[in-house]
Amino acid sequence: MSAYAYVAPTSISEVLTLLDDHVRSGRGTQILAGGTDVMVQMRSVNREPRTFIDIKRLEETNRLHVGAEEVYIGSAIPSARMQEHAELKTLYPGLLEAADLIGSTQVQGRATICGNLCNASPAGDSIPALIAAGAVCDIATPDGSRELAVEDFVVGVGQNALADGEFLLGVMLRRPQASTKDAYLRFTPRTEMDIAVAGVGVSVTLDGPNCIAARVAIGAVATKALLVVDAAEALIGTTLDDAALQLAGMACQAAAQPISDKRGSAGYRKKVVAVLCRRALAIARDRALGR
Ligand SMILES: Cc1cc2nc3c(=O)[nH]c(=O)nc-3n(C[C@H](O)[C@H](O)[C@H](O)COP(=O)(O)OP(=O)(O)OC[C@H]3O[C@@H](n4cnc5c(N)ncnc54)[C@H](O)[C@@H]3O)c2cc1C
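Cut-offs applied
- Residues numbered from 1 in each chain as written.
- Predicted model: local features only at pLDDT ≥ 70, side-chain atom pairs only at ≥ 80, totals over all residues.
- Helix = DSSP H or I, 4+ residues; strand = E, 2+ residues; numbered from the N terminus.
- Rg over C-alpha atoms; globule rule 2.2 N^0.38 Å.
- Buried ≥ 20, exposed ≤ 12 C-beta atoms within 10 Å, placed from the backbone.
- Near = placed C-beta within 6 Å.
- Nonpolar A, V, L, I, M, F, W, Y, C, P; charged D, E, K, R; others polar.
- Domains from an automatic or database assignment.
- Pairing = 2+ DSSP bridges.
- Right-handed = clockwise from strand over helix to strand, strands pointing away.
- Contact = placed C-beta atoms within 7 Å.
- Axes fitted to C-alpha atoms, helices over the stretch in contact; angles between N-to-C directions.
- Expected span 1.5 Å × (residues − 1).
- Parallel < 35°, antiparallel > 145°, perpendicular 65-115°, else oblique.
- Left-handed = near helix turned anticlockwise from the far one by under 90°.

On to the overall build of the protein. For the protein, the helix and strand inventory stands at 12 helices and 14 strands. The C-alpha atoms of the protein give a radius of gyration of 19 Å, which matches the 19 Å a tight globule of 291 residues would have. Overall, the C-alpha framework of the protein stretches about 65 × 45 × 35 Å when taken along its three principal axes. Going through the 291 residues of the protein one by one, you find that 46% of them count as buried.

In this section: the site of the ligand. Around the ligand lies a shell of 31 residues, among which Gly34, Gly103, Gly115, Asn116 and Cys118 are the nearest. Of all the secondary structure elements, the ones that give two or more residues to the shell around the ligand are strand S2 (29–32), helix H2 (38–44), helix H7 (113–119) and strand S10 (167–174). The residue inventory of the shell around the ligand, partitioned by class, reads 17 nonpolar, 11 polar and 3 charged. The residue makeup of the shell around the ligand includes at least three contributed by each of domain 1 (5–54) and domain 2 (60–174).

With that settled, consider unusual backbone geometry. Most peptide bonds adopt trans geometry, and most residues besides glycine take a negative phi value. The phi dihedral of Ala120 falls on the positive side, at around 60°, and the residue is not glycine. You can see Ala120 is positioned in the loop between H7 and helix H8 (126–132). Residue classification places Ala120 among the buried residues on the basis of 22 C-beta atoms within 10 Å. With a phi close to 55°, Leu240 is a non-glycine residue in the positive phi region. Within the fold, Leu240 resides in the loop between helix H10 (229–235) and helix H11 (242–255). On the neighbour-count criterion, Leu240 (23 C-beta atoms within 10 Å) is buried.

On to the pairing of strand S3 (residues 51–54), then. Bridge count for strand S1 (residues 5–7) against S3 is 3 bridges, and the pairing is parallel. Its bridge partner being in S3, Tyr6 is matched across the sheet by Phe52. Direction of pairing for S2 relative to S3: parallel, over a ladder of 4 bridges. In the sheet register, Thr29 faces S3, and the bridge partner there is Thr51. Handedness of the crossover joining S2 and S3 through H2 is recorded here as right-handed.

Moving on to the domain arrangement of the protein. How big an interface is tends to be expressed through the accessible area that disappears when the partners come together. Split into domains, the protein comes out as domain 1 (5–54), domain 2 (60–174) and domain 3 (183–288). Using C-alpha coordinates to define each centre, domain 2 is positioned 20 Å away from domain 3. The partner domain 3 presents 24 residues to the 22 residues of domain 2 that form the contact. Broken down by secondary-structure element, the contributors of at least two residues to the side of domain 2 that touches domain 3 are helix H5 (93–100), H8 and strand S8 (154–156). Ranked by residue count, the leading element in the side of domain 2 that touches domain 3 is H8, at 5 residues. Class assignment for the residues of the side of domain 2 that touches domain 3 results in 13 nonpolar, 6 polar and 3 charged.

The next thing to look at is the sheet that holds strand S14 (residues 226–227). In sheet architecture, strand pairing relies on hydrogen bonds along the backbone and comes in two forms, parallel and antiparallel. Strand order across the open sheet formed by 4 strands is S11-S12-S13-S14, with antiparallel pairing between neighbours. Two strands in the sheet have a free side with no partner beyond their single neighbour: strand S11 (180–187) and S14. Alignment of strand S12 (residues 198–207) against strand S13 (residues 210–219), held across 9 bridges, turns out to be antiparallel. Bridged to Thr205 within S13 is Ala213. Here H5 sits on the sheet in contact with S11 and S12, set at roughly 25° to S11. Taken strand by strand, H11 contacts S12, S13 and S14, and its axis lies near 30° from that of S13.

For the rest of this paragraph, the subject is the sheet that holds strand S6 (residues 136–141). A sheet is described by the order of its strands in space; here 5 strands give the open sequence S4-S5-S10-S6-S7, paired in antiparallel fashion. The sheet is open, and its two edges are formed by strand S4 (64–66) and strand S7 (144–149), each paired on a single side. For this sheet the average axis-to-axis angle between neighbouring strands, irrespective of direction, equals 25°. In terms of strand pairing, S6 meets S7 through 6 bridges, oriented antiparallel. Paired with Asp138 across the strands is Glu147, a residue of S7.

With that settled, the discussion passes to helix H12 (residues 266–288). Between the first and last C-alpha of H12 there are 33 Å, a value that for 23 residues agrees with the 33 Å anticipated at 1.5 Å per step. Following H12 by one or two positions, Gly290 adopts a phi angle in the positive range, close to 75°.

Our next topic: the packing of H11 against H12. Following both chains from N to C, one finds H11 and H12 inclined at 140°, their axes separated by 8 Å at the closest point. Between H11 and H12, the interaxial angle falls into the category oblique. Between H11 and H12 lies a crossing whose hand is right-handed. For the pair H11 and H12, the contacting residues are Leu245, Gln246, Ala248, Gly249, Met250, Cys252 and Gln253 in the first and Lys270, Val273, Ala274, Val275, Cys277, Arg278, Leu281 and Ala282 in the second.

Pasting the structure below:
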C-alpha cells in the first residue's frame with residue numbers, strides 16, 4: 001500500500017539522488033520548503049501518496065548572503081528572516097515589501113520567496129518583485145547547476161521550468177548601486193490575507209535626476225507574471241515625470257491579459273495595473289532620490 005513519506009536530506013547530492021530514484025520508480029515526490037502552499041494543497045488539490053523532500057536542512061538552501069557584488073537568497077530562507085536583514089531591506093525594499101505581503105506573521109515564519117516562485121501562482125507576490133530586481137534562479141541539476149532568469153522560470157499557471165530531477169537552490173541578484181531602487185505594490189479587495197487583483201514590481205536606476213535603467217513586471221493579470229519591456233522603455237531617458245509614468249502605466253495596461261473573476265473584472269484589473277505601476281514607480285523614484 002502506498003502512503004505519504006517524508007525525508008529531510010542534508011546535501012544537494014542526496015536530494016538529487018532521491019529525486020532520481022523516485023523518477024525511476026515512478027513514485028511521486030514533492031519538494032517541501034516552508035510548506036505553506038504544500039500543506040494546503042495536499043488537503044484540497046492533490047491527495048496522491050508521495051514523498052516530501054524537505055530542503056530546509058541543506059547548507060546551501062539556508063544561505064542568505066549580501067556580498068560586494070552579489071546577493072544570494074537560499075530557497076529555505078523564510079520571509080521573516082529576510083525582513084530581519086537590515087542591509088537586504090535597504091538594498092531591495094521592494095522585494096522585501098512583496099515578501100512581507102505573503103500571508104500573516106505566522107505564515108511568514110515559514111514561507112519562502114523561492115516556494116512562492118516554484119508554486120507559480122499568477123498572483124504570487126514575490127514574482128513580479130523578483131523579476132523587477134533582475135533575479136536569476138540557481139537550479140540544482142543532475143549534471144551540476146544551471147541559471148535561469150526569473151521571468152523565464154514560471155511557464156504557466158502552477159507550472160515552472162524545473163525538469164524532473166531538478167530543484168531550486170536559491171535566487172541570485174546583482175548588488176544594486178545606491179541609485180537603484182525598487183518597489184512593489186499590489187491591490188487586494190480585502191486589507192489582509194487575500195491574493196492580488198493586480199501587482200506591480202518596479203526597479204529604477206537614476207543618474208542624477210535621469211532614469212538610465214528600469215525594469216517593470218506585472219502580476220495577477222496574466223497566466224504568469226510578465227516583464228513589460230515597453231514600460232521600461234517609456235521611462236529610460238526621462239526624469240520619471242508624470243508623463244513618463246503615465247506612459248509606463250499604459251504599457252502595463254496593454255501587456256496585461258487578465259481574467260474576470262470574483263475579485264474583479266478584466267477591465268477593472270487593467271485599470272488597476274496602470275495605477276499601481278505609476279504609484280510604484282513614484283515610490284521607487286523617490287527612494288532612488290533619497291527622499
Ligand atoms: C494563509 C495564507 C496566506 C497566503 N497569502 C499569500 C499572499 O498574500 N501572497 C502570496 O503570494 N502567497 C500567499 N500564500 C501562499 C504561500 O504562503 C506562498 O506561496 C509561499 O511563499 C510559499 O512558500 P513555501 O516555502 O511555504 O512553499 P512550499 O509550500 O514549501 O512549496 C510551494 C511549492 O513550490 C515547490 N517548491 C518549494 N521550494 C522548492 C524548491 N526549492 N525547489 C523546487 N520546488 C520547490 C513545492 O514543491 C510546492 O509545489 C498564502 C498562504 C497561506 C496559507
